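Residue-level listing of the chains:
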Amino acid sequence: MHLDTTYLKKHFEFYRHQLLEDTLPFWFPRSVDQEHGGYLFMRDADGTLLDDDKAVWIQGRAAWLLATLYNTVEKKQAWLDAAATGIEFLTRHCFDTDGRMFFHVTRDGRPIRKRRYFFSETFAVIAMAAYGKASGDEQIARRARDLFSRCMQYADGRLPLPEKFTATRLVKGIGVPMIMLNTAQQLRDTVGDPGCDAVIDHCIGEIDTYFVKDDIRCVMEQVSPAGDIIDHIDERTLTPGHAIEGAWFILAEARHRNNDPRLIDLGCRMLDYMWERGWDQQYGGIFYFRDVYHKPVQQYWQDMKFWWPHNETIIATLLAYTLTGNEKYKQWHGLVHNYSYRHFHDPQAGEWFGYLHRDGRVAQTAKGNLFKGPFHLPRQEWFCMQLIKDCLKA
């Protein structure tokens with residue numbers, strides 16, 4: 001297999017520079033809350049604080065990022081110290097008395113709300129695991145494993161989650177197997193857990209069996225419990241960037257397993273199907289929502305361009321190219337990379353804007369809120385940098 005090493009070297013230097021000289025300096029050290037612990041991420045384009053509430057899942061994501069950089073890039077004490085304040089805030093303030101985590105808390109850690117899903121918990125798992133490895137703190141590593149076990153119980157129904165209402169139509173969503181797949185990968189690759197490989201196999205099997213529809217070249221977001229398409233407006237809705245994120249989780253697992261051809265094929269099919277459905281041929285970029293049968297979508301922001309699907313697609317296309325050598329994926333990587341850094345990146349203050357109109361105009365200037373913080377973009381830049389580094393050494 002021939003890879004274009006000039007192309008890879010150029011992008012290695014680019015991602016390294018963007019991560020260390022542009023993205024991280026936007027957030028740190030100013031986002032570390034020196035008074036209450038944790039991080040203050042709700043920021044405008046210039047870094048001005050818009051609100052001091054804290055999204056719990058982003059507290060976990062940021063602690064994971066900082067500890068991961070310490071583990072893989074440089075043993076920088078400032079990163080470890082900043083990760084520690086996130087871990088301490090999570091463990092002190094973000095768990096309710098029933099063992100579940102909050103989604104949204106005040107600056108000083110008082111609860112505002114919980115949500116029905118358990119994604120705050122999965123991000124706390126990877127944060128604790130990465131920090132456990134970085135610090136050598138076995139107590140935190142053990143807590144990561146215990147919380148992962150609890151997440152598995154939420155995922156398979158042994159621990160019930162509250163229902164918002166009694167569902168008329170039962171659905172199975174791709175989000176749970178995706179998040180559990182990546183959580184297990186992160187835990188396995190840091191402090192380890194004997195159950196990780198079985199969870200990874202199960203989650204990949206779920207995605208392949210129920211959500212990947214080869215006959216219509218599609219990856220569904222929701223299906224019936226038997227895996228059938230439900231012909232209603234919400235259940236027909238696709239999220240191309242989310243499915244592409246799932247594709248790169250599977251491609252990363254293929255790479256972990258010595259380039260497993262079955263997993264490469266599955267991940268590439270998922271990427272192919274959702275690139276075809278998600279890439280905007282007129283303006284470029286990834287649509288946020290599409291309908292499986294090309295009907296109108298309920299959400300009014302369906303044709304906007306959000307930051308995170310582009311981060312996932314940059315990773316997925318680069319992984320597909322380095323695993324297969326297929327020039328198509330190199331071309332797609334170039335397209336999504338160039339579009340993203342041209343339209344989302346802020347050359348004045350650094351980092352990315354989060355939300356664009358379909359034609360690429362910035363819709364609003366906030367770079368941090370309850371859903372956006374230092375995760376998808378720095379994870380993409382870190383992952384691509386590490387991937388290319390490994391490929392060039394091989």
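Now for a look at the structure at hand. None of the values given here were measured: they were computed from a predicted structure. (Residues numbered from 1 in each chain as written. Predicted model: local features only at pLDDT ≥ 70, side-chain atom pairs only at ≥ 80, totals over all residues. Heavy atoms only, no water.)

What follows deals with the nonpolar core. Among the nonpolar cores identified, the biggest contains 134 residues, and Phe28 and Leu319 are the most heavily contacted of them. Beyond its immediate sequence surroundings of up to four residues, Leu319 is in contact with Trp248, Leu251, Ala252, Arg255, Phe383 and Leu387. (Core = buried A, V, L, I, M, F, W, Y, C linked by side-chain atoms within 4.5 Å. Buried < 20%, exposed > 50% of the residue type's maximum accessible area, 1.4 Å probe, protein only. Contact = heavy atoms within 4.5 Å.)

By the element assignment, Ser31 lies in the loop between α1 (5–27) and β1 (54–55). A relative accessible area of 0% means that Ser31 is categorised as buried. When sequence neighbours within four positions are dropped, the list of residues in contact with Ser31 reads Gly38, Tyr39, Leu40, Phe41 and Arg43. (Helix = DSSP H or I, 4+ residues; strand = E, 2+ residues; numbered from the N terminus.)

So, on to the state of the cysteines. This structure, assessed with the given rule, holds zero disulfides. With no disulfide of its own, Cys151 lies 11 Å from the sulfur of Cys203, the closest cysteine sulfur. With relative accessibility at 0%, the residue Cys151 sits in the buried group. With no disulfide of its own, Cys268 has Cys391 as its nearest cysteine by sulfur position, at a separation of 14 Å. The exposure class assigned to Cys268 is buried, which follows from its relative accessible area of 7%. (Disulfide = S-S within 2.5 Å.)

Direction vectors running N to C along helix α8 (residues 240–256) and helix α9 (residues 261–278) enclose 160°, while the axes themselves pass 8 Å from each other. Viewed along their axes, α8 and α9 adopt a mutual orientation that is roughly antiparallel. With respect to the hand of their crossing, α8 and α9 are arranged in left-handed fashion. In this structure, α8 uses Pro240, Ala243, Ile244, Gly246, Ala247, Ile250, Leu251, Glu253 and Ala254 to contact α9, whose residues at the interface are Leu263, Ile264, Leu266, Gly267, Cys268, Met270, Leu271, Met274, Trp275 and Gly278. Residue composition of the contact of α8 with α9, grouped by class: 15 nonpolar, three polar and one charged. (Axes fitted to C-alpha atoms, helices over the stretch in contact; angles between N-to-C directions. Parallel < 35°, antiparallel > 145°, perpendicular 65-115°, else oblique. Left-handed = near helix turned anticlockwise from the far one by under 90°. Nonpolar A, V, L, I, M, F, W, Y, C, P; charged D, E, K, R; others polar.)

Let us now look at the environment of Lys367. Along the polypeptide, Lys367 turns up in the loop between β12 (362–364) and α12 (376–393). Classification of Lys367 as buried rests on a relative accessible area of 0%. When the C-alpha positions of Lys367 and Trp307 are compared, they lie 9.9 Å apart, and in sequence the two are 60 residues distant. Filtering out sequence-adjacent residues up to four positions away, Lys367 remains in contact with Phe26, Trp27, Arg43, Asp44, Ala45, Asp346, Ala349, Gly350, Glu351, Trp352, Phe353 and Lys372. A polar contact of 2.6 Å, which involves the side chain of Lys367, links it to the side chain of Asp346. (Polar contact = N/O pair within 3.5 Å; in protein donor to acceptor, adjacent residues only side chain to side chain.)

Per the stated rule, a full pass over the model turns up 31 salt bridges. The salt bridge involving Arg188 is made with Asp197; its shortest N-O contact spans 3.4 Å. Look at Asp197 and you get partly exposed, because its relative accessible area is 40%. Arg257 serves as the salt-bridge partner of Asp201, at 2.7 Å between the closest nitrogen and oxygen. Of this pair, Asp201 sits in helix α7 (residues 196–211) while Arg257 sits in the loop between α8 and α9, and the two are 56 residues apart along the sequence. Look at Arg257 and you get partly exposed, because its relative accessible area is 26%. Within the structure, one salt-bridge network assembled from shared partners comprises Arg188, Asp189, Asp197, Asp201, Glu253 and Arg257. (Salt bridge = Lys/Arg side-chain N within 4 Å of Asp/Glu carboxyl O.)

A word on the layout of surface pockets. As a volume, the second largest pocket reaches approximately 530 Å³. Taken together, the elements giving at least two residues each to the lining of the second largest pocket come down to α2 (56–72), α6 (175–188), α8 and α12. Along the lines of polarity and charge, the residues of the lining of the second largest pocket split into five nonpolar, nine polar and six charged. (1 Å grid on protein atoms, 1.4 Å probe; cavity = no way out; pocket = protein on both sides within 12 Å on 5 of 7 lines; lining within 4 Å. Points joined across faces, edges and corners; volume = space filled by probe spheres on them.)

At a closest axis distance of 10 Å, the pairing of helix α3 (residues 77–93) and helix α4 (residues 119–135) adopts a crossing angle of 135°. Looking at the two axes, α3 sits oblique to α4. Pair α3 / α4 crosses with left-handed handedness. Between α3, through Leu80, Ala83, Ala84, Ile87, Leu90 and Thr91, and α4, the contact on the second element is made entirely by Ala127, Met128, Tyr131, Ala134 and Ser135. Residues of the contact of α3 with α4, tallied by class, amount to nine nonpolar, two polar and no charged.

Moving on to α2. Taking 1.5 Å of rise per residue, 17 residues should cover 24 Å, and α2 covers 24 Å from first to last C-alpha, within 8% of that figure. The element α2 is largely enclosed, with a buried count of 16 among its 17 residues. (Expected span 1.5 Å × (residues − 1).)

Here we come to the packing of aromatic side chains. Geometry of an aromatic ring pair is reported as the spacing of the ring centres plus the angle between the planes. This model, assessed by the stated rule, comprises 37 aromatic pairs. Ring geometry for Tyr288 against Trp308: centres 5.8 Å apart, planes inclined by 90°, an arrangement best described as edge-to-face. With Tyr288 in the loop between α9 and β9 (290–291) and Trp308 in helix α10 (residues 307–324), this pair connects stretches of sequence that are 20 residues apart. Judged by relative accessible area, which is 10%, Trp308 ranks as buried. Aromatic pair Phe289 and Trp301: ring centres 6.1 Å apart, planes at 55°, arrangement tilted. Placement of the pair is Phe289 in the loop between α9 and β9 and Trp301 in the loop between β9 and β10 (305–306), with a sequence separation of twelve residues. Looking at Trp301, the relative accessible area reads 27%, which means it is partly exposed. Above the plane of the ring of Phe287 lies Arg290, whose end atom (NZ or CZ) is 3.7 Å from the centre. Lys367 extends its terminal NZ or CZ atom over the ring of Phe353, reaching a point 5.1 Å from the ring centre. (Phe/Tyr/Trp six-rings, centres within 6.5 Å; stacked < 30°, edge-to-face > 60°. Lys NZ or Arg CZ within 6 Å of the ring centre and 35° of its normal.)

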